[in-house]
Amino acid sequence: MGGKPFGTAPGAAGRGHGRRRGQGQLESQVLAALQQAPEPVTAAWVRERLGGDLAYTTVMTILSRLHAKQAVSRERSGRAYAWTAAADEAGLAALRMRRVLDGEPDRDAVLTRFVSALPPHDAQLLRTLLDRATDDATARDATTDDTAGQDAHPDGASGQDPAMDPRRSSTTM
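Since this is a predicted model, take the numbers as computed values, not measurements.

Thresholds, definitions, all that
- Residues numbered from 1 in each chain as written.
- Predicted model: local features only at pLDDT ≥ 70, side-chain atom pairs only at ≥ 80, totals over all residues.
- Heavy atoms only, no water.
- Patch = residues over 30% accessible without salt bridge, like charges linked within 9 Å, V, L, I, M, F, W, Y side chains within 5 Å.
- Areas by Shrake-Rupley, 256 points an atom, 1.4 Å probe, with all protein chains shown as cover.
- Salt bridge = Lys/Arg side-chain N within 4 Å of Asp/Glu carboxyl O.
- Helix = DSSP H or I, 4+ residues; strand = E, 2+ residues; numbered from the N terminus.
- Buried < 20%, exposed > 50% of the residue type's maximum accessible area, 1.4 Å probe, protein only.
- pLDDT = per-residue confidence, 0-100.
- Contact = heavy atoms within 4.5 Å.
- Pairing = 2+ DSSP bridges.
- 1 Å grid on protein atoms, 1.4 Å probe; cavity = no way out; pocket = protein on both sides within 12 Å on 5 of 7 lines; lining within 4 Å.
- Points joined across faces, edges and corners; volume = space filled by probe spheres on them.
- Nonpolar A, V, L, I, M, F, W, Y, C, P; charged D, E, K, R; others polar.
- Phe/Tyr/Trp six-rings, centres within 6.5 Å; stacked < 30°, edge-to-face > 60°.
- Lys NZ or Arg CZ within 6 Å of the ring centre and 35° of its normal.
- Core = buried A, V, L, I, M, F, W, Y, C linked by side-chain atoms within 4.5 Å.
- Expected span 1.5 Å × (residues − 1).
- Arc of directions from axis to C-beta.

1. Let's talk about a nonpolar patch on the surface
Then, in step 1: A surface patch of nonpolar side chains, amounting to about 280 Å² of accessible area, comprises Met97, Phe114 and Val115.
Then, in step 2: For Val115, the location among the structural elements is in helix α5 (residues 107-116).
Then, in step 3: Val115 sits in the partly exposed class, given a relative accessible area of 40%.

2. Quick notes on the confidence of the model for the protein chain
Then, in step 1: Of all residues in the protein chain, 72% attain a pLDDT of 70 or more, and the chain-wide mean is 79.
Then, in step 2: Mean pLDDT across the secondary structure elements of the protein chain bottoms out at helix α4 (residues 89-102), with 87, and peaks at helix α2 (residues 43-49), with 97.
Then, in step 3: Contacts from residues 8-17, a stretch scored under 50 in pLDDT, to residues over four places away or in other chains number 1 contact.

3. Here we look at the pairing of strand β1 (residues 72-77)
Then, in step 1: Here β1 runs beside strand β2 (residues 80-85); their pairing, made up of 6 bridges, is antiparallel. The residue bridging Arg76 from the neighbouring strand is Tyr81, located in β2.
Then, in step 2: The hairpin turn running from β1 into β2, its antiparallel successor, is 2 residues long, and Gly78 in that turn takes a positive phi close to 70 degrees.

4. Overview of the layout of surface pockets
Then, in step 1: Estimates place the volume of the second largest pocket at around 380 Å³.
Then, in step 2: Ala94, Met97, Arg98, Val100, Leu101, Val110, Leu111, Phe114 and Leu118 are the residues that line the second largest pocket.
Then, in step 3: Among the elements of the structure, α4 and α5 are those that each provide at least two residues to the lining of the second largest pocket.
Then, in step 4: Looking at the lining of the second largest pocket element by element, the count peaks at 5 residues for α4.
Then, in step 5: Residue composition of the lining of the second largest pocket, by class: 8 nonpolar, no polar and 1 charged.

5. Here's the deal with unusual backbone geometry
Then, in step 1: Of note in the backbone geometry, Gln70 takes a positive phi value of approximately 65 degrees without being a glycine.
Then, in step 2: On the secondary structure map, Gln70 appears in the loop between α3 (56-68) and β1.
Then, in step 3: Assessed through its relative accessible area of 63%, Gln70 is described here as exposed.

6. A few points about the packing of aromatic side chains
Then, in step 1: For the structure shown, the criterion picks out 1 aromatic pair.
Then, in step 2: Across the ring face of Tyr81, the terminal group of Arg74 is positioned such that the distance to the ring centre comes to 4.2 Å.
Then, in step 3: Its guanidinium or amino end placed over the ring of Tyr81, Arg76 lies 4.4 Å from that ring's centre, counting from NZ or CZ.

7. Some thoughts on the nonpolar core
Then, in step 1: Membership of the largest hydrophobic core comes to 22 residues, with the highest contact counts inside it found for Val30, Leu34, Val46, Leu63, Leu66 and Ala71.
Then, in step 2: Those elements that place two or more of their residues in this core are α1 (23-36), α2, α3 and α4.
Then, in step 3: Examining the composition of this core, we find that 5 residues originate from one element, α1, more than from any other.
Then, in step 4: Apart from the residues within four sequence positions on either side, Ala71 is in contact with Leu31, Leu66, Ala85, Ala86, Ala87, Leu92 and Leu95.

8. Let's talk about α3
Then, in step 1: For α3, spanning 13 residues, the distance from its first C-alpha to its last is 18 Å, which sits close to the expected 18 Å at 1.5 Å a residue.
Then, in step 2: Within α3 the residues assigned to the buried category are Val59, Ile62, Leu63 and Leu66. Buried residues along α3 cover an arc of 100 degrees about the axis, so they all sit on one side. Exposed residues lying more than 90 degrees from the buried face of α3 are Thr57 and Ala68.
Then, in step 3: A positive backbone phi angle near 65 degrees is found at Gln70, which sits one or two residues after α3.

Written out as structure tokens, the structure reads:
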């Protein structure tokens, strides 16, 4: 199971092993290795892919942290675990962002500051994504509304008092 090690930074060839990588960098490298795996793999396989210079316990710690963040999944394989990526780097970044937001007491203020500091291109992208998400939710709701209660009565009535139907406008009551 040879191959090019993951995590070798550009220009890092020839550097000593004394250089430390940050936790976020290690998490990204572990995820990249798992995404390249043909099947669920062991921590030893991941360690080998990362170049073998990390302690096995370090790789296990990173995998356990990623598991707690739901970025990887694991299944028993004998006495060890076999690991699979459940998120890519973008998914991991989104998980981090959500965790930060969840830890703040004033979500509205945090989101307001975040959005107001976005460059114009990112703000437009966010608008587009929010519009798309809204359109998708509306389409799902319309599909649910169209099929709701069809089996309740042979004539298609929902069995609910029409005056209580939230889809009816208050002007028609």
